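Chain and residue survey
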Protein chains: 4
Amino acid sequence: MSVNTFGRLLRFTTWGESHGPAIGAVVDGCPPGLTIDESVIQPFLDARRPGQSKFTTQRQEPDQVRILSGVFEGKTTGTPISLMIENVDQRSKDYSDVAKAYRPGHADYAYDAKYGFRDYRGGGRSSARETASRVAAGGVARLVIPDVTILAYVSEIGGDAIDMANFDPAEIANNPFFCPDAQAAKRWEKIVDDARLAGSSVGAVVECVATGVPAGWGAPLYGKLDADLAAAMMGINAVKGVEIGDGFAAARLTGEQNADPMHPGSNGPEFSANHAGGIAGGISTGQPVVVRVAFKPTSSILTPQPTINRAGEATELFTKGRHDPCVGIRGVPVVEAMMALVLADHKLLHRGQCG
Amino acid sequence: MSVNTFGRLLRFTTWGESHGPAIGAVVDGCPPGLTIDESVIQPFLDARRPGQSKFTTQRQEPDQVRILSGVFEGKTTGTPISLMIENVDQRSKDYSDVAKAYRPGHADYAYDAKYGFRDYRGGGRSSARETASRVAAGGVARLVIPDVTILAYVSEIGGDAIDMANFDPAEIANNPFFCPDAQAAKRWEKIVDDARLAGSSVGAVVECVATGVPAGWGAPLYGKLDADLAAAMMGINAVKGVEIGDGFAAARLTGEQNADPMHPGSNGPEFSANHAGGIAGGISTGQPVVVRVAFKPTSSILTPQPTINRAGEATELFTKGRHDPCVGIRGVPVVEAMMALVLADHKLLHRGQCG
Amino acid sequence: MSVNTFGRLLRFTTWGESHGPAIGAVVDGCPPGLTIDESVIQPFLDARRPGQSKFTTQRQEPDQVRILSGVFEGKTTGTPISLMIENVDQRSKDYSDVAKAYRPGHADYAYDAKYGFRDYRGGGRSSARETASRVAAGGVARLVIPDVTILAYVSEIGGDAIDMANFDPAEIANNPFFCPDAQAAKRWEKIVDDARLAGSSVGAVVECVATGVPAGWGAPLYGKLDADLAAAMMGINAVKGVEIGDGFAAARLTGEQNADPMHPGSNGPEFSANHAGGIAGGISTGQPVVVRVAFKPTSSILTPQPTINRAGEATELFTKGRHDPCVGIRGVPVVEAMMALVLADHKLLHRGQCG
Amino acid sequence: MSVNTFGRLLRFTTWGESHGPAIGAVVDGCPPGLTIDESVIQPFLDARRPGQSKFTTQRQEPDQVRILSGVFEGKTTGTPISLMIENVDQRSKDYSDVAKAYRPGHADYAYDAKYGFRDYRGGGRSSARETASRVAAGGVARLVIPDVTILAYVSEIGGDAIDMANFDPAEIANNPFFCPDAQAAKRWEKIVDDARLAGSSVGAVVECVATGVPAGWGAPLYGKLDADLAAAMMGINAVKGVEIGDGFAAARLTGEQNADPMHPGSNGPEFSANHAGGIAGGISTGQPVVVRVAFKPTSSILTPQPTINRAGEATELFTKGRHDPCVGIRGVPVVEAMMALVLADHKLLHRGQCG
């Protein structure tokens, strides 16, 4: 089975391969009457766009999104919104290596095992290029939750973490790493550039905080807000771990340390801490929703690795082509998009059941 | 919206509250002809059953499962299997504290914010008691994947991790902690007992390994095997983090360190490492599927915490009643059950699309 | 695949066989705070209950429904509502005939072809007994749409139709046929009794009208209100046809005859006709929603029919046991229940998307 | 909520409005390795294409389908197949009448009641133009069920039915009505042309027969093959009734008349009749699957009808523009497509559960 749809009330379906004519998303279930045109979505795609610094892949894609349906006179109509992004820079190259053998760490072998063959050009459907569709869909989702602010940033690259004492959201847009700590951004230049020059790659951790989420979104037990976020984030290419709030660190706390005591505030209940990351029992508490996402290092490296070919024989392979030395960096707009899509869906779900 | 169903082809729906007459699960989509009776499911419930040592809650529940439908002459018929477990030991006590105020760290406030009120007796639907239904459903799922072996264990309690050099699967059943390291189990006795005596609690990490999963289960992109596992695990009570394979540690590796090189083996392809945890591009690779799950410390502690009451006024509350000092311990059979349910579902999904 | 769940936001899952210990339904997604106890649901089950006249099966089932979850202090909590009905009168009889051969017109052969075997006792899962679960679930759904009035009745038995000039809703409860035409009810006594005495059976048509449905429920294009009603009704045992509004008769009209002209009314728009049955483009118009459902004659008859046994050899079979001579009669509460379930679901869906 | 996706394992999502730049469908879940290119799908679109005779709308649309994803080297890859059809002949006209008032019998009023406004150009999303997307998706579905033959035809126009004694499948392609009875086709020329010249319209009945469906596809109880077919057909524009097998006529038969006796045949079991239309208990029996679909007369007529405008005031409206005098005719390829999509989905579902 192929599952390319995500969401329950606000749903999106993505399609397209790295080297096909286009990729896209169909967003269904969007409330009517929201003001929208391409310019509302494009900035998020621009943030994710490759080729903007030497720290990301040099593939040049304008990533211009086109709205093909579901909008009339600048408003969403409530019917499906078809978003299309043309592929422009599918470099014509020799894929015979990749076609014949499996790149270690890639989805090549798994795809062949499942489907019997695969579109090997640029990774086909398993390419991180698919995430552009998510970002476009996320641009629509944001319109559904205008009171929610979503902020993601890279908190760690190659094991080097930011210092929260230096945290400045205004810094995020000032460096090519979505880094809120100016000093860390400096250090990362060398880390990522070294990896790039060595034909190697490094991993990263992305943190995402959504403020303005009211208490009450989510659901027990199999549509928990945190479970849906976990699926959303783990479904992004190269992601291997997801934490809500304190995550694995919570497993090292005592009950007292982990408590989030409450007290009356000027605008309703307030909390003295947010170990829970804004979600309890699968339902939002009104605190910021905090998610942390681990990206593995890009699998595409220049060092040859032992592998097998389609005939099952031993061979070696390294991945030519244009790749991100740290795929986690461009994961930031993708994580934000998935956060928006999950929250918008749960807003509608809550309204559906509870009015 | 309330979502109490999980899965796509093999689906289960759970119902019931901690202090209602019973809890249960309806398992739908099970293949016909599988040999089953209550004795096949009961051992998994017995493993999760409370009150078996001083390290878990003292609530006494026999957790006897009854099959009410979907089985004929000892075989699954392909129609829905209704599983029911009666609640026996709902201790009649005074819930007036919990009814009036919100226990910090619990779902109380979030439930009230969503639904306007809640069944406060023993946590109602948000009680970990619900996990018995999952374990029962998991017992059915295991029959669907007879060639898969699922092994979970606690790898860390209160920050004290096992030593993999001591790893002995036979030890897991020898101590009350599902601990594969006899020395760690010794240490944990004191950690957990200290927490219990202090009315405190500690967190834990559970690891789960599924061997015998063939390459090819899973799906790109929104039904990825790892994304479904993430949702399954994050949906368990008290879970705050999920990792596949190396998880967050992978974010600290280089591409070379994280590669899983392949070579020809006697029974098909073999891998020299398993950083990926058996999943690439959302599809199983044939390697063991490895998941790691972080459980926060039980929120129910005897130390009073500042909180508010339903009128929004400041108050203090501590949680009376019988509670697990380390809820992660009894999470082991639950994690195994969710692993079984996800894998069984993906086996059927793969067969549906690819034959 | 087995699919025993219906609905999108308000969903229900049924389980149970004719001769198992019990049957039931789990209703999920119900809004919180609705006043409910067993007495709210029981009257609908009583209306469907067999053995109340000589015109229905003589199986004696009290059909007492029990609420096992999802209700606290007389209110729905928003969590799943588990409804259970015990089977009481599973007459112990000799099923060897039915076990070995396929009853013509029954699901026996199709079940065996699908699953390899079947629970042949009383039809197992394919028994009309399952409809009790739907009626119970429908009792919950009605609470979600308190402003909607649902009225179903038999409009035709054995080809003998009511005269709309005699239509009197008060008559429906006055005869064992749910017949709104007192004269037709008289005639049907003989038709159904003749069939019963001859060991034969007759078909029926049930009409259902829902008033008070506001304009705007439903959805283009694959969640159309009429498409969901069609699935709901066609999924009832023995149903072979569904019409919305004029149905097949509309295919014989001209565009002018079929138009439903509008004009201003005292309380908003009014229509001069309702050929559309209250639905246009898949969305309710505010007019009464009208559905017509064709029930085939009960397949269980005493006249032996040529058939084959499980070995594929020719044999003859007639159906012993207690059966409805006209299964459409007891279809009336079932059709009402499915109408309620579909409308309640669409009310929530509409609220979810459009606020 | 907007629901523009149909199916469970083989799913398709359609998007696009009558007067937008394009329409399309994304088909997900298709098995890998099926031979496909545009030429496989185009003939079905050509059969549905408007403007081919004076008996259909004169809008000229080449309806050229483009495959944008999911196909590599002429084979389906198992990933989503994006199909796009550009709108070419959106005649620029004055829509001010339709924008301001509701066309009786159209979805105008219902859309406004739901969404607050609508894309009124050519009916927007409620236009029958959407059915081109279904036909394209159906072309993919047919590849999944190569052993099934699907044949639909018009059996009745304006109340004038074919004579089954004249039934000749070869005739269907010989006339502009998909009519298998040459004599009826002659008569229909006058019926439809008279309606056209009078600015009126007529209804039609379409019959569809699928042969080669093995016994065992379908599911009890809420995924019954007949229930899914009912939803599929009732969801087509202008459809008001659906019958399986004898349909409403079965309600007038006795149990003896309606029986489908079985006997051993040379290739397995055979039936002496097919009143059931090839489905019993929601599962296919191996007999031809027979569905009958009622299309109302086109709502767009030239005779002015009383209606109201958006301000709720009385007015009159007739529908200018290019319309089918009998929308049921072009329903034939659409009914075939929906039959293919439902059957293909159930083939995969059956394989998923039962192997």
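Here's a quick rundown of the structure.

Analysis parameters
- Residues numbered from 1 in each chain as written.
- Chains lettered and ligands numbered in written order.
- Predicted model: local features only at pLDDT ≥ 70, side-chain atom pairs only at ≥ 80, totals over all residues.
- Heavy atoms only, no water.
- Buried < 20%, exposed > 50% of the residue type's maximum accessible area, 1.4 Å probe, protein only.
- Helix = DSSP H or I, 4+ residues; strand = E, 2+ residues; numbered from the N terminus.
- Pairing = 2+ DSSP bridges.
- Salt bridge = Lys/Arg side-chain N within 4 Å of Asp/Glu carboxyl O.
- Contact = heavy atoms within 4.5 Å.
- Buried area = accessible area lost by both parts, 1.4 Å probe.
- Polar contact = N/O pair within 3.5 Å; in protein donor to acceptor, adjacent residues only side chain to side chain.
- Phe/Tyr/Trp six-rings, centres within 6.5 Å; stacked < 30°, edge-to-face > 60°.
- Lys NZ or Arg CZ within 6 Å of the ring centre and 35° of its normal.
- Least-squares fit on C-alpha atoms with pLDDT ≥ 70 in both.

All names here are of chain D. Most of strand E11 (residues 239-244) sits out of view: 6 of its 6 residues are buried. Across 5 bridges, the pairing between E11 and strand E16 (residues 289-295) is antiparallel. In the sheet register, Ile244 faces E16, and the bridge partner there is Val291.

Here we take up the pattern of salt bridges. This model, assessed by the stated rule, comprises 84 salt bridges over all chains. Between B:Arg121 and B:Asp119 there is a salt bridge whose closest N-O contact spans 2.8 Å. Judged by relative accessible area, B:Asp119 falls into the buried class, the value being 6%. Residues D:Arg118 and D:Asp112 are paired through a salt bridge, measuring 3.2 Å at the closest nitrogen-oxygen approach. Neither D:Arg118 nor D:Asp112 differs from the other in exposure class; each is buried. Salt bridges sharing partners connect three or more residues here, namely A:Arg103, A:Asp108, A:Asp112, A:Arg118 and A:Arg310.

By convention, interface size is frequently given as the accessible area that disappears when the constituent parts associate. Between chain D and chain A, the contact holds 42 residues from the first and 42 residues from the second. Counting the surface lost from both chain D and chain A, the interface buries some 3,200 Å², and carbon and sulfur atoms represent 66% of this. Interface area lost by chain D to chain A is led by D:Trp15, D:Phe72 and D:Phe117, which between them contribute 19%. Connecting chain D to chain A are 0 salt bridges. Our count for the contact surface shared by chain D and chain A stands at 8 residue pairs in polar contact (both at pLDDT 80 or more). Elements with a minimum of two residues in the side of chain D that touches chain A: strand E2 (11-16), strand E3 (22-28), strand E6 (75-76), strand E7 (81-86) and helix H3 (108-115) of chain D.

A few words on the interface of chain B and chain A. Across the boundary between the two partners, chain B contributes 102 residues, which contact 102 residues of chain A. Of the roughly 7,800 Å² buried where chain B meets chain A, counting both sides, 63% is carbon and sulfur surface. Across the chain B-chain A interface, the total number found is 2 salt bridges. Note that B:Glu156 and A:Arg252 form a salt bridge whose closest N and O atoms lie 2.5 Å from each other. Here chain B and chain A share 36 residue pairs in polar contact (both at pLDDT 80 or more) between them.

This part takes up the packing of aromatic side chains. The geometry of two aromatic rings is summed up by the distance between their centres and the angle between their planes. Applying the stated criterion across every chain yields a total of 42 aromatic pairs over all chains. With a centroid separation of 6.1 Å and 50 degrees between ring planes, the pair formed by D:Phe6 and D:Phe12 is classed as tilted. We classify D:Phe6 as buried; its relative accessible area is 13%. Taken together, a centroid distance of 4.9 Å and an interplanar angle of 70 degrees make the contact between D:Tyr153 and D:Phe167 edge-to-face. On the criterion of sequence distance, the pair formed by D:Tyr153 in strand E8 (residues 149-157) and D:Phe167 in the loop between strand E9 (160-161) and helix H5 (182-197) is long-range, its members being 14 residues apart. The partly exposed category is assigned to D:Phe167, whose relative accessible area is 27%. Through pairs of rings, three or more aromatic residues link up here, namely A:Phe6, A:Phe12 and B:Tyr222. Its end group placed over the ring of A:Tyr115, A:Lys114 keeps NZ or CZ at 5.9 Å from the ring centre.

Before going further, it helps to spend a moment on the relation of the copies chain B and chain A. Taken as rigid bodies, chain B and chain A are interconverted by a rotation of 180 degrees and an axial shift of 0.0 Å, the fit giving an RMSD of 0.0 Å. In the structure described here, the two chain copies are related by an operation that fits a two-fold rotation axis. Same-surface contact between copies: 100% of interface residues of chain B are shared with the interface of chain A.

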